[in-house]
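Structural overview for review
Here are the chains, one letter per residue:
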Amino acid sequence: MGVGIEVRGLNAWYGKNQALKSIDMTVPANHVTAVIGPSGCGKSTFVRCLNRMHETIPEARAEGDVKVGDLEVYGADTDPVEVRRRIGMVFQKPNPFPTMSIYDNVAAGLKLNGFGNRKQISELVERSLKMAALWDEVKDTLHKKSGASLSGGQQQRLCIARSLAVEPEVLLMDEPASALDPISTSKIEELIFQLKQHYTVVIVTHNMQQAARVAELTGFFLMGSLIEYDKTEKIFTTPADKRTEDYITGRFG
Amino acid sequence: MPDSPSVATVKISVFRRLTNSCATLFAIAAAVLVILPLMAIFLYLLIKGVQSLNWAFLTQLPKPPGEVGGGMANAIVGSGIILAMASLVGIPVGIGCGIYLAEYGRNAFGDVVRFTSDVLNGVPSIVIGIAVYSLIVVRQKHFSAFAGSAALAIMMVPTVARATEEMLLMVPNNIREAALGLGIPKWRTTLSISLRTASAGVITGCMLAFARVAGETAPLLFTTLGNQYWSRSLNQPTAALPLQIYTYALSPYDDWHKQAWAGALILIVMIVAAVAAVRIVTSRGTLKGAS
Amino acid sequence: MIPDSEKPTNPPASAEQTPKPVSAIPTLAQAATERKAVTRSAALERIRKTHPRSSGIQDTAFRVLILFTAISVFAIVAFIVDQLISKSHPTLHAFGIRFFYNDEWDPVNGDFGARPFIFGTLVSSFLALLLAVPLSIGVAVYVTEMCPTRLRPVVSFLVELLAAIPSVIYGLWAVFVLAPLLRDYIQPALAKTLDWTGLFTGPPLGIGMLAAGIILAIMVVPIISSITREVLTAVPQNQREAVLALGATRWEMIRMGVLRNARIGIVGGIILGLGRALGETMAVTMVIGNSNYISKSLFAPGNTMASVIANEFSEATGDLHLAALVEIGLALFLVTLIVNALARLLVWSITGPTGRVRA
């Protein structure tokens, strides 16, 4: 089951530039929350702070309180490695491991985390691929084809399966469909709808229609601040802040 | 959610943390172990070389074996002459080859030339020495500076060619088109425009080739042979710095060992000076903002 | 594509030949066209004067000259091969394939076998790789993945500097610093602890196979590490992120996301290093001890294919001796040719033929 995310006073910097200014946000469990905003507004940075990927960039740092379920993400004793295991991430450009088969791709996270039992791994791989709606397409070529030999949409579903295999509580998706064609995109969107039963999903998107289709809650970011955060319906029909309205109606962005 | 033993409950094991730390330590140790001999070599060169360096060393001829004193003047000059001659042939041929590969050779034949150039690059220098020996020395029936430079020139060509090709390929095509569009013939475009734009990199490539052959000993072993006296012509055996260092190092005389260090110091200084001089000249010549 | 400017042209029917349009007040467009036509023809006139129609001939001449330099590369390699084969003919004829497994090297009685030198080359090169490969990969990983950004150019510069030191200076240092170090400290320690392997028997001379292997390792590290660094940097950042996002430690990220992707290139770099080690002459000659016998111990002196040529060529007694040495040179040429070609193929499969990274 998914867990909720509590963000209090999150700040983030790239070197001297402050990219996020004191973000407060509560993401409910088992919901899909979209994060929208124009280029450079900090939405990707925000999401990457949730699983401590932001700090892997040289000169980048983040401060604040992020609580995922009972885990203090930025706690003094918290190991970022563990955070990343419990919070999964799917990237904009599908990045399957080209030197590994489909099976090994999905199993990669399991093997890393010390899972040795072959039968259990096999079961988990199958389950993850089914959850990612890829199982039927690849079940015969699991060990024969490499992860990179699939089509773009399939690769992204493979990456989703790979993330799901380590049983995260939260799934972060950074513009997961922006590199894909419309048909693959709609497949991914269907998938997200299904995933929310088991996971909490936060999805970054620059496509407002996608946010409207997929998410129950939407947060609008602008220049590093969270301007408005509410039910998707409300954001897109009667936004409270004028800046949100301007963005929604296409006056800028 | 099925309740098979869940990954969610697996904590980062101590073993994984330990492996991570060990890997980091190993990488740092490797870096240290690699840089250590480098430091050691330079340190010894500096200390031992300076000890035996004096004016006599730079200006005098070697004394007969066993006698203390004397210098490597003939070797220093000899190396200079041989390197100059080698560069005179090796660099133009190398640049020409590089121009071919970049401007005319984007085809199968060009690939073959490129491959052959790489083959030549990989030939052990002693084998080149053997080949030049039988090609030139045997025919002329004597060792010479000329033969030595031929061997070194051969070694310079692939390095210069590769650098020239790479640099020319980086010149954007629209510059060429602009020149051609002005009515400048292709040959002049290549020389005055493309090559000039690429000149910094090409010069660096030539300098790299020079630095590489400056220290080469093997190809000179049976072509130039070495000489304890001044050579009176280019067609005689000639002293060269690397050869002299080699001979002195393996000799049983302590004084010659000391002189070998001094010679090595001079050699390194020569190489570093050549590299530095070229860097200074090219950086002064480039316009601000030019890459 | 041959731009029009390359072909010798007749001046186009320019404004200087057609009558100017007669009208009271030329329109703006007409005036512009006029101006353009006038300036175009003036420019063409200028160009015609400085580059007469013979520019086509000049281009051809230049092209021939350049082609000549390209062909000269072929010529050089052809000469080398020709000389190697023709000058080794006596022993090729006299011994045939036996030359390569005979271990008698007897100039006095005219019996020549290259096995001791093949052995020496293989052992010294293998030892060098054994030491150099972990160090090179370690340095490369350190520089690309672990080193603080400010230190990076310093460390990589220092490693590159190792490649600039001439072989004879390595040899000098090896004779006067490394060999005594081995003789006085390292070899006795090895003899005491690893005596049971049979590899460290015999008197500790300092010089010998071990010294040769060590100095070769130092010389080969810059090559392997620079290629490794190139292929490691070529691994796209999103591969690293993908592994991290699964909950991996930094080493696990390097192992699974970087080294694994760069495997082929690293192997290519190692083979390239092998090629360099096989042909390396001076430093090895100065410390290997010049002995034409095969011995199991690493403390023993020996000779490599390159070092025996360096040692004996100038004083070769008789044509057969010389031919034998040339034949060894021919063998060395062929071996390094194959090894280097293999290495290039592997490295190019990742970076592309010009050495640039494939997108």
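Residues numbered from 1 in each chain as written. Chains lettered and ligands numbered in written order. Predicted model: local features only at pLDDT ≥ 70, side-chain atom pairs only at ≥ 80, totals over all residues.

Here's the deal with the overall build of chain C
Counting its secondary structure elements, chain C contains 12 helices and 2 strands. Reading the helices (α) and strands (β) of chain C from amino to carboxyl end gives α-α-α-β-β-α-α-α-α-α-α-α-α-α. The buried share of chain C, reckoned over its 359 residues, is 46%. Residue pairs in contact within chain C that sit at least 24 positions apart in sequence constitute 75% of those at least 6 positions apart. (Helix = DSSP H or I, 4+ residues; strand = E, 2+ residues; numbered from the N terminus. Buried ≥ 20, exposed ≤ 12 C-beta atoms within 10 Å, placed from the backbone. Contact = placed C-beta atoms within 7 Å.)

Observations concerning unusual backbone geometry
All names here are of chain A. Within the chain, Arg-52 stands out as a residue other than glycine whose phi angle is a positive 55 degrees. Here Arg-52 lies in the loop between α1 (43–50) and β4 (60–68). A positive phi angle, near 70 degrees, is found at Glu-59, a position not held by glycine. Along the chain, Glu-59 turns up in the loop between α1 and β4.

With respect to the packing of helix α3 (residues 73–104) of chain B against helix α6 (residues 145–170) of chain B
All names here are of chain B. Relative orientation of the contacting elements α3 and α6 amounts to 35 degrees, with a least axis distance of 5 Å. Read as a crossing pair, α3 and α6 show a hand that is right-handed. Looking at the contact of α3 with α6 residue by residue, the classes come out as 23 nonpolar, 8 polar and 3 charged. (Axes fitted to C-alpha atoms, helices over the stretch in contact; angles between N-to-C directions. Left-handed = near helix turned anticlockwise from the far one by under 90°. Nonpolar A, V, L, I, M, F, W, Y, C, P; charged D, E, K, R; others polar.)

Remarks on the environment of Leu325(C)
Residue and element names in this part refer to chain C. As for its placement among the helices and strands, Leu-325 is situated in helix α12 (residues 319–351). In sequence terms Leu-325 and Leu-190 are 135 residues apart; their C-alpha atoms lie 35 Å from each other. Setting aside chain neighbours within four positions, we find Leu-325 in contact with Ile-309, Glu-312, Phe-313 and Ala-316.

A word on the interface of chain B and chain C
Every contact between the two is made by 71 residues of chain B and, on the other side, 73 residues of chain C. Here the side of chain B that touches chain C takes 19 residues from helix α1 (residues 14–52) of chain B, the largest share from any one element. A class-by-class count of the residues in the side of chain B that touches chain C yields 50 nonpolar, 15 polar and 6 charged.

Here's the deal with the confidence of the model for chain B
Residue and element names in this part refer to chain B. Of the residues in chain B, 92% reach a pLDDT of 70 or more, and the chain-wide mean stands at 86. Every residue in residues 1–5 is under pLDDT 50, and counting partners more than four places away or in other chains gives 5 contacts. For residues 287–291, every residue scores under 50 in pLDDT, and the model assigns this stretch 0 contacts once sequence neighbours within four places are set aside. (pLDDT = per-residue confidence, 0-100.)

Quick look at the sheet that holds strand β8 (residues 200–204) of chain A
All names here are of chain A. Pairing within the open sheet is mixed, and its 6 strands lie in the order β6-β7-β8-β3-β9-β10. Of all strands in the sheet, those with a lone pairing partner are β6 (87–90) and β10 (225–231), marking the two edges. If you compare each strand with its neighbour and ignore which way they point, the axes differ by 20 degrees on average. When β6 meets strand β7 (residues 170–174), the two strands line up parallel, connected through 4 bridges. Counterpart to Gly-88 in the pairing with β7 is Leu-171. The sheet contacts of helix α6 (residues 152–165) involve β6 and β7, and relative to β6 the element is tilted by about 170 degrees. (Pairing = 2+ DSSP bridges.)

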